Amino acid sequence: MTDLKFHWFLPTNGGDGRHIVGGGHGTPAGTGGRPASVAYLGQIARSAEQLGFEAALTPTGAWCEDAWITTAMLSSVSERLKFLVAFRPGLVSPFLAAQMAGTFQNLSGGRLLLNVVTGGESHEQRMYGDFLDKDARYERCGEFLDIVRALWSGKPVGVEGKHFQLSDAVLAQLPDPAPLIYFGGSSPAALDVAARHVDVYLTWGEPPAAVAEKVRRVRELAERQSRTLAFGLRVHTIARDTAEEAWAEADRLLAGISEERIREVQAGLRRSESEGQRRMLALNGGTKDGLEIYPNLWAGVGLVRGGAGTALVGSHQQIADLIEQYVEAGVTEFVLSGYPHLEEAYRFGEGVLPELSRRGRWRHPAPVRQSASAVPFGAAAPTEKGVAS
């Protein structure tokens, strides 16, 4: 049985708080009340690694702190946790990106994973000076990844491509090991890039049957390239001791969202060019009604947040059951988040992960050593002559 991997999230997109922090895909980030400081994000990172999460995803875009710099700072206040650094391949040269990844990997002790984000919305890309359309961005992404992987092999690279030109490029410091590449996207162009170039394909939290269909499509495309991929799910979580407690928390989060805010954000998200975002919008329908779209899968987050818009909601056992359904669909990695991220990491890490461990689905990547039992207070300690000292 394959051990599952669980990753957490660093809320650099407007900070963190006890309510849903919106933003992304062309909509402004909300404010959470807890700033995205090194001190607070460090708390989350240290808690995540102690609880057994493999890595922490940090988003990218004009609406959040820079992922490379943030995670480089946090690597010094944590020990084992890896960082799933989201970055956009058209905004730096392939050689520089390969060099940055090598430096991060080697100086952090092999703690870098890369989440390649082909691009945000076109108007946001133009803020960075990128005026390519969506299909051209995916074409450029494939060319970029070809070059980066070639550089990581240590061989000289010379390229006269459509988007990049390099001459006698040799990377002096190779990453050891080369970082795994994570990637998501639902359009045909995105699926083609995934099949050809990435290690782990990520998809947002649709019902298990829809996820299974997407896994099947990407797997078939990868097989045509003689490649094998792993699959991950990006979703939020509201885990509690009982289902009643979990749904009460979902109701509290929903009560904190005004109808005006929903209309404002939904109007912005409907202008998105993302096929995945269109699928998220279809799940919530832009209304507070009927948000449990599948048993223990709630679409309320997507009312005011771009990107991942669903949450696993329920008791620890119910969420473990739903995770097992996604495993049956082909998923082996889960990138999770919650509000607030610090407290929700403990709820999932101390509730759901032990349940999955009991089922043989998960093992702590760095189990804590059990210390010797202390001598009970008042117990007599034997001596050579049988007299307590």
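Residues numbered from 1 in each chain as written. Predicted model: local features only at pLDDT ≥ 70, side-chain atom pairs only at ≥ 80, totals over all residues. Heavy atoms only, no water.

A. Representation of the packing of helix H2 (residues 67-74) against helix H3 (residues 94-108). At a minimum axis separation of 11 Å, H2 and H3 run at an interaxial angle of 15°. Of the possible angle classes, the one that applies to H2 and H3 is roughly parallel. For H2 against H3, the interelement crossing comes out left-handed. For the pair H2 and H3, contact is made by Trp68, Thr71 and Ala72 and by Met100, Ala101 and Phe104, respectively. (Axes fitted to C-alpha atoms, helices over the stretch in contact; angles between N-to-C directions. Helix = DSSP H or I, 4+ residues; strand = E, 2+ residues; numbered from the N terminus. Parallel < 35°, antiparallel > 145°, perpendicular 65-115°, else oblique. Left-handed = near helix turned anticlockwise from the far one by under 90°. Contact = heavy atoms within 4.5 Å.)

B. Expanded view of the environment of Ser337. Residue position: Ser337 is located in strand E13 (residues 333-337). The exposure class assigned to Ser337 is buried, which follows from its relative accessible area of 1%. It is 4.7 Å that separates the C-alpha atoms of Ser337 and His236, two residues lying 101 residues apart in sequence. For Ser337, the contacting residues outside a window of four places in its chain are Trp8, Phe9, Arg234, Val235, His236 and Thr237. Polar contacts involving the side chain of Ser337 include one to the side chain of His236, which spans 2.7 Å. (Buried < 20%, exposed > 50% of the residue type's maximum accessible area, 1.4 Å probe, protein only. Polar contact = N/O pair within 3.5 Å; in protein donor to acceptor, adjacent residues only side chain to side chain.)

C. Up close: the packing of aromatic side chains. By the definition in use, this model includes eleven aromatic pairs. Measuring from ring centre to ring centre gives 6.0 Å for Phe87 and Phe144, while their planes differ by 50°; the resulting arrangement is tilted. Residue Phe87 is found in strand E3 (residues 82-87), and its partner Phe144 is found in helix H5 (residues 134-152); the two are separated by 57 residues along the sequence. Each member of the pair, Phe87 as well as Phe144, is classed as buried. Through pairs of rings, three or more aromatic residues link up here, namely Trp68, Phe83, Phe87, Phe104, Phe144 and Phe164. Positioned over the ring face of Phe9 is Arg305, at 5.8 Å from the centre of the ring. (Phe/Tyr/Trp six-rings, centres within 6.5 Å; stacked < 30°, edge-to-face > 60°. Lys NZ or Arg CZ within 6 Å of the ring centre and 35° of its normal.)

D. Structural view of the nonpolar core. Ranked by size, the top nonpolar core spans 77 residues in total, and within it Phe6, Phe53, Phe183, Ile323, Tyr326, Phe334 and Phe348 carry the most contacts. Broken down by element, this core gets its largest block of residues, eight residues, from H5. Residues within four places of Ile323 in sequence aside, it is in contact with Leu4, Phe6, Leu312, Phe334, Phe348, Val352 and Leu356. Core analysis: the next-biggest nonpolar cluster, separate from the first, contains 23 residues, Trp298, Ala299, Val301 and Val304 among them. (Core = buried A, V, L, I, M, F, W, Y, C linked by side-chain atoms within 4.5 Å.)

E. Geometry of the pairing of E3. Counting buried positions along E3 yields five of six residues, so the element is predominantly enclosed. Of the strand pairs in this sheet, strand E2 (residues 55-58) and E3 are connected by four bridges, and their pairing is parallel. Bridge pairing links Ala55 to Lys82 in E3. Each parallel crossover has a hand, and the one from E2 via H2 to E3 is right-handed. Pairing analysis gives five bridges linking E3 to strand E4 (residues 112-116), with the strands arranged parallel. Bridged to Leu84 within E4 is Leu113. (Pairing = 2+ DSSP bridges. Right-handed = clockwise from strand over helix to strand, strands pointing away.)

F. View of the environment of Thr58. Looking at the secondary structure, you find Thr58 in strand E2. In this structure the C-alpha to C-alpha distance between Thr58 and Pro11, which are 47 residues apart in sequence, comes to 7.2 Å. Not counting chain neighbours up to four residues away, the residues in contact with Thr58 comprise Leu10, Thr12, Ala67, Thr71, Leu84, Val85 and Ala86.

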